[in-house]
Amino acid sequence: MSETTSRANPRTPEIRMASGLFRSLRQDLITDAFAYRPLALMRTDGPVVRRLPGRIRPHLAYFPHAVVGSVAFFVVMLTATTSGEYVVPSSSLIMGLIAATPVLMTLMRPVGAFWAALVAAGVLMVVGSGMNDVWPGSPGAFVSYLATATFAAMRTRPRAAVWMWLITLGAGIAIPVGLGRGEPVEIVPMAFLLAVALLVVTVRNIRRAAEQEVTAQQEVTAVERDRRTLLEERTTIARELHDVVAHHMSVVAIQAEAAPYRVKNPPPELEAAFATIRENAVAALTELRRVLGVVRSADYEAPDAPQPTLASLDGLLANVREAGLSVEKSVTGAVRELPPGVELSAYRIIQEALSNSLRHAPGAAASVEVSYVLGGLGIRVVNAAATGDVRPSPGAGHGITGMRERVAMLEGEMTAGETAAGGYEVAVFIPVRGRQDTAPGQPQGSGQAQAQGPGSGQAS
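Residues numbered from 1 in each chain as written. Predicted model: local features only at pLDDT ≥ 70, side-chain atom pairs only at ≥ 80, totals over all residues. Heavy atoms only, no water.

K.L.:
What is the right way to read the overall build of the protein from this model?
P.N.:
Assigned secondary structure in the protein consists of 13 helices and five strands. Relative to its full complement of 460 residues, the protein shows a buried share of 35%. In the protein, the proportion of contacts linking residues at least 24 apart, taken out of those at least 6 apart, comes to 73%. Accessible surface computed for the protein: about 26,800 Å², of which carbon and sulfur atoms make up 61%. (Helix = DSSP H or I, 4+ residues; strand = E, 2+ residues; numbered from the N terminus. Buried < 20%, exposed > 50% of the residue type's maximum accessible area, 1.4 Å probe, protein only. Contact = heavy atoms within 4.5 Å. Areas by Shrake-Rupley, 256 points an atom, 1.4 Å probe, with all protein chains shown as cover.)

K.L.:
Even after reading the chapter, I still don't get the environment of Ala35, so can you show me in this structure?
P.N.:
Within the secondary structure, Ala35 sits in the loop between helix H2 (13-30) and helix H3 (63-82). In this structure Ala35 comes out as partly exposed when scored by relative accessible area, which is 27%. Distance from Ala35 to Arg109, taken between C-alpha atoms, is 6.1 Å for residues 74 residues apart in sequence. Once residues within four sequence positions are removed from consideration, Ala35 is found in contact with Met108 and Arg109.

K.L.:
Even after reading the chapter, I still don't get helix H6 (residues 139-154), so can you show me in this structure?
P.N.:
Each turn of an α-helix holds 3.6 residues, which means side chains three or four residues apart point in the same direction. Taking 1.5 Å per residue, 16 residues should reach 22 Å; H6 reaches 23 Å between its end C-alpha atoms and fits that length. Burial analysis of H6 places 13 of its 16 residues in the buried class, which makes it a mostly covered element. (Expected span 1.5 Å × (residues − 1).)

K.L.:
Mind showing me how you'd approach the layout of surface pockets here?
P.N.:
A probe as big as a water molecule, rolled over the atoms, marks out the empty space that is left. One number sums up the size of the largest pocket: a volume of about 920 Å³. If you trace the largest pocket, you find 22 residues lining it, with Met42, Pro64, Met154, Arg204 and Arg208 closest to the centre. Sorting the residues of the lining of the largest pocket by element identifies H3, H6 and helix H8 (188-258) as the ones contributing at least two each. No other element matches the six residues that H8 contributes to the lining of the largest pocket. For the lining of the largest pocket, the class distribution of residues is 11 nonpolar, five polar and six charged. (1 Å grid on protein atoms, 1.4 Å probe; cavity = no way out; pocket = protein on both sides within 12 Å on 5 of 7 lines; lining within 4 Å. Points joined across faces, edges and corners; volume = space filled by probe spheres on them. Nonpolar A, V, L, I, M, F, W, Y, C, P; charged D, E, K, R; others polar.)

K.L.:
When you look at the nonpolar core in this model, what are you seeing that I'm missing?
P.N.:
In a soluble, globular protein the nonpolar side chains are often hidden away together inside. Ranked by size, the top nonpolar core spans 31 residues in total, and within it Leu310, Ile350, Leu354, Val368, Val370, Leu377 and Val428 carry the most contacts. Mapped by element, the contributors of at least two residues to this core are helix H10 (313-322), helix H11 (340-360), strand E2 (365-373), strand E3 (376-383), helix H12 (398-409) and strand E5 (424-431). If one sorts the elements of this core by residue count, H11 sits on top with seven residues. Not counting the four nearest positions on each side in its chain, Ile350 is found in contact with Leu310, Leu313, Leu316, Val368, Val370, Ile379 and Val381. Among the nonpolar cores identified, the runner-up in size contains 29 residues, and Phe114, Ala117, Trp163 and Ile175 belong to it. (Core = buried A, V, L, I, M, F, W, Y, C linked by side-chain atoms within 4.5 Å.)

K.L.:
Sorry, what's going on with helix H7 (residues 158-178) here?
P.N.:
With 21 residues, H7 extends 30 Å from end C-alpha to end C-alpha; this agrees with the ideal 30 Å at 1.5 Å per step. Along its length, H7 shows its largest kink, about 30°, at Ala171. Among all positions of H7, only Ala160, Ala161, Trp163, Met164, Ile167, Thr168, Ala171, Gly172, Ile175 and Pro176 are buried. (Bend = angle between axes of the 7 residues up to and from the residue.)

K.L.:
How do you make sense of the sheet that holds E2 when you look at a structure like this?
P.N.:
Here we have five strands laid out as an open sheet, ordered E1-E2-E3-E5-E4, and mixed in their pairing. The outermost strands of the open sheet, each flanked by one partner alone, are strand E1 (326-332) and strand E4 (413-418). Neighbour-to-neighbour, the strand axes of this sheet turn through a mean angle of 10°, independent of strand direction. Both E4 and E5 contribute to a ladder of six bridges, which runs antiparallel. In the sheet register, Met414 faces E5, and the bridge partner there is Val428. Contacts from H10 reach E1 and E2, with the element oriented near 160° to E1. Lying over the sheet, H11 contacts E1, E2, E3 and E5, oriented at roughly 10° with respect to E3. (Pairing = 2+ DSSP bridges. Axes fitted to C-alpha atoms, helices over the stretch in contact; angles between N-to-C directions.)

K.L.:
How should the pairing of E2 be read in this particular structure?
P.N.:
Sheet faces and side chains relate simply in a regular strand, where the side chains alternate between the two faces. Residue alternation in E2 divides its side chains into a buried set, Ala366, Val368, Val370 and Tyr372, and an unburied set, Ala365, Ser367, Glu369, Ser371 and Val373. Here eight bridges tie E2 to E3, and the two strands are oriented antiparallel to one another. Bridge assignment links Val368 to a residue of E3, and that residue is Val381. Linking E2 back to E3 in an antiparallel pair, the connection comprises two residues.

K.L.:
How should the pairing of E1 be read in this particular structure?
P.N.:
Inspection of the sheet shows E1 paired to E2 by seven bridges, in the parallel sense. Across the sheet, the residue bridging to Ser330 is Glu369, located in E2.

K.L.:
What is the right way to look at the side chain of Thr202 in this model?
P.N.:
Checked against the element boundaries, Thr202 lands in helix H8. In terms of polar contacts, Thr202 uses its side chain to reach the backbone carbonyl oxygen of Leu198, at 2.7 Å. Apart from residues no more than four positions distant in its own chain, Thr202 is found in contact with Pro158 and Ala161. (Polar contact = N/O pair within 3.5 Å; in protein donor to acceptor, adjacent residues only side chain to side chain.)

Spatial relationships are all this shows, so hold off on functional conclusions.
Next up, the structure:
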């Protein structure tokens, strides 16, 4: 059994751990090390940049590139001025360019720039032998390597920064030995300063990654919240649709059953027709309850009171007045009975609009206009700007989403937005098919049922 186990897992845990470490090294610093990865432009919508004049703000997007270029220029000048007594003066500029090349490479190939910095350090130690006992040689090479490793770490994952520090420590010991330098080379200053720089960069990268993850999660949460609000509103609509349509279908079934008894000696054909009507009504009611029953929660209880209509609007206005909202109502046109779904949706829209006025415009006055026109029903709710010392309550826009959903299912139109005076206005038009729209030869009750259909869907 032990032989079978050894065959299945021939590597020891130590070997697997070492293999995992080298795999991470290969992924971070070897695979596609010289891939083209240009430095991204800086965002210009930050809180500090927004305070600057608009003429210079677009140019600040290249600020990171300017920093890298300035460091490279500083390295060239530092190398040229500090190596003159050790090398031929004409070679000082060449040494400066060699030291600055890895710094400039971080603009395009950050990981490759780190490896180039190691090569440049070895070259500069050979050319400037005896210049300095601190690895990697001259002060210019020191600054170049430190800046290159830091810039490269800023554009890689935190694990790569650890590998850069370990490679730097090993190279600082191995390169001087490989070049045959007799005197020891001090690696501690580079190791310490690079460790501090890489630690700061790693903390910055981790914090930025966490902020991006939180931002992405907030966006997903906002989308899910809007979707859940929409589904909840549709669930409410479906419940109210069931209450409205089920009531009328029940009335149809009862009237169809009682109709033959209202006629003395009804013909068999009439009795059969009413029996068919009743059977179809009962079957439709059963199917309606079966389909819409899935949206009802287990603890949902159908309301005992009748659903509100525009006739209940005065009671609603009285309630909001008691809550502190000064509201006036005006009705234009010939008041008439509308399909139950339209009545319920209109009531809910006005109710939500007044609730928004209470929350977002405390102390303001509001007005409600209901217009009975030939093709439907018009609603307009307007409130003035908030007054007084009470601060408005923040909102997520769910009320507007629910109103739009109701209007859309009724095939109506809705606009909502701020007014020129600083208030808010909600305007809705709900089309209603009247009796004059009934097709020739079609019973008026059927036309009304068709008008009720979309209304019920919306209202619910």
